[in-house]
Amino acid sequence: MNDKPQVIRDTDDDARRQARILLRGARFAAIGVIDPETGFPFVSRVLLGMDSDGAAVILVSNLSAHTTALLADPRASLLTGEPAKGDPLAHPRLTLQCTAESVERDSETHLRLRTRFLARHPKSQLYIDFPDFRFFRLRPERASLNGGFGRAYHLSSADFLLPEFTDDLFEDSDALLRELGGRHPDLATRIATDVYQAPHGDWRISAVDSQGLDIVFKDLLIRHEFPVSITTAGELLLELPKSVYAVP
């Protein structure tokens, strides 16, 4: 009989939720790539965006070493989760292994990612259209979540997929965000200040999906998860105000 304690816990909804918060709530991440000249791991820092399906997004210069590496070998790893006071290893963190997909500048995908990235990082307007910059989608393959002492999990690519809304009430996410802003202009501020005790300011919703929403103010970013998954945009408009104080 094996009485050895189980190091890796069974992945549950709480672990998936914490992984989404660590990934989607990160403004930046450490990225690890394979140096094509030496074969050694190379680590850098990137601004982090998110696509509508749950894939991470980075905007990088063709002159950077990690861009050269990703074009040669699309395997990459991200590390998110910022330590607070005390032992940095006692705080939650997520290591995500990904496959990088370069995005063509003239594609619909590029336009979508540009809009979403600017909503999350307005200051990137200064360089987002430089000809030597490009987007990569980082498709999740597997991940390791350390949720704190004794809380280690392995996650699969399916754990990061975000199902799209099943209705077509709005033609795109921009239209949905405009409708949310019009109906609930103070919602983002209420979530930030009342739920997360964040400083008062002009908070706004930068992205929304079936599992939650991202809100931003200056250099601050909060990922707010819904208590339950919302399947349609129509349901979102009705249920979102009720979910503000129902933090999972």
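Residues numbered from 1 in each chain as written. Predicted model: local features only at pLDDT ≥ 70, side-chain atom pairs only at ≥ 80, totals over all residues. Heavy atoms only, no water.

When you look at the environment of leucine 176 in this model, what are you seeing that I'm missing?
Its place among the elements puts leucine 176 in helix H4 (residues 173-183). For the pair leucine 176 and leucine 236, spaced 60 residues apart in sequence, the C-alpha to C-alpha distance is 9.7 Å. (Helix = DSSP H or I, 4+ residues; strand = E, 2+ residues; numbered from the N terminus.)

I'm lost on the nonpolar core in this one. Help?
Within soluble globular proteins, side chains that are nonpolar tend to cluster in buried spots. Ile31, Ile58, Leu78 and Leu138 are the most contacted members of the largest nonpolar core, which totals 29 residues. Looking at this core, the elements with two or more residues in it are helix H1 (13-24), strand E2 (28-34), strand E5 (56-61), helix H2 (65-72), strand E6 (75-80), strand E7 (93-102), strand E8 (133-146) and strand E9 (152-156). Counting 22 residues, the second largest nonpolar core, distinct from the first, contains Leu187, Ala188, Ile191 and Leu237. (Core = buried A, V, L, I, M, F, W, Y, C linked by side-chain atoms within 4.5 Å. Buried < 20%, exposed > 50% of the residue type's maximum accessible area, 1.4 Å probe, protein only.)

What should I look at first to understand helix H5 (residues 187-195) in this one?
An α-helical turn contains 3.6 residues, so a residue and the one three or four places further along point in the same direction. Counting buried positions along H5 yields seven of nine residues, so the element is predominantly enclosed. Along H5, the residues that are buried comprise Leu187, Ala188, Thr189, Ile191, Ala192, Thr193 and Val195. Positive backbone phi, approximately 50°, marks glutamine 197, located one or two places after H5.

How should I be thinking about the pattern of salt bridges in this particular structure?
Two side chains carrying opposite charge are able to pair once their charged atoms lie near each other. The tally for this structure, following the rule as stated, stands at 21 salt bridges. Here aspartate 51 ties to arginine 137 by a salt bridge, and the two come within 2.6 Å at their closest N and O atoms. Of this pair, aspartate 51 sits in the loop between strand E4 (49-50) and E5 while arginine 137 sits in strand E8, and the two are 86 residues apart along the sequence. Residue classification places aspartate 51 among the buried positions, given a relative accessible area of 1%. Arginine 137 sits in the buried class, given a relative accessible area of 11%. Here the residues in one salt-bridge network are Arg20, Arg24, Arg120, Asp209, Asp214, Arg223 and Glu225, joined through shared partners. (Salt bridge = Lys/Arg side-chain N within 4 Å of Asp/Glu carboxyl O.)

What exactly am I supposed to notice about the sheet that holds strand E12 (residues 220-225) here?
Across a sheet, paired strands are connected by hydrogen bonds in the backbone, their directions being either parallel or antiparallel. Strand order in this open sheet of three strands is E10-E11-E12, and the pairing throughout is antiparallel. Among the strands making up the open sheet, the edge pair consists of strand E10 (204-208) and E12. Within this sheet the neighbouring strands show an average axis-to-axis angle of 25°, counted without direction. In terms of strand pairing, E10 meets strand E11 (residues 212-217) through four bridges, oriented antiparallel. Across the sheet, alanine 207 pairs through a bridge with aspartate 214, a residue of E11. Packed on one face of the sheet, H1 meets E11 and E12 and runs near 160° to E12. Helix H3 (residues 108-120) rests against E10, E11 and E12 of the sheet, and its axis sits at about 145° to E10. (Pairing = 2+ DSSP bridges. Axes fitted to C-alpha atoms, helices over the stretch in contact; angles between N-to-C directions. Contact = heavy atoms within 4.5 Å.)

I would appreciate a short explanation of the environment of proline 241 in the present structure.
For proline 241, the location among the structural elements is in helix H6 (residues 233-243). Taking the C-alpha atoms as reference, proline 241 lies 10.0 Å from arginine 190; in sequence the two are 51 residues apart.

Teacher, can you tell me more about unusual backbone geometry here?
Trans is the prevailing form of peptide bonds, just as negative phi is the prevailing case for residues other than glycine. Positive phi values are uncommon outside glycine, yet glutamine 197 reaches one of about 50°. Checked against the element boundaries, glutamine 197 lands in the loop between H5 and E10. Positive phi values are uncommon outside glycine, yet lysine 218 reaches one of about 55°. With respect to the secondary-structure elements, lysine 218 resides in the loop between E11 and E12.

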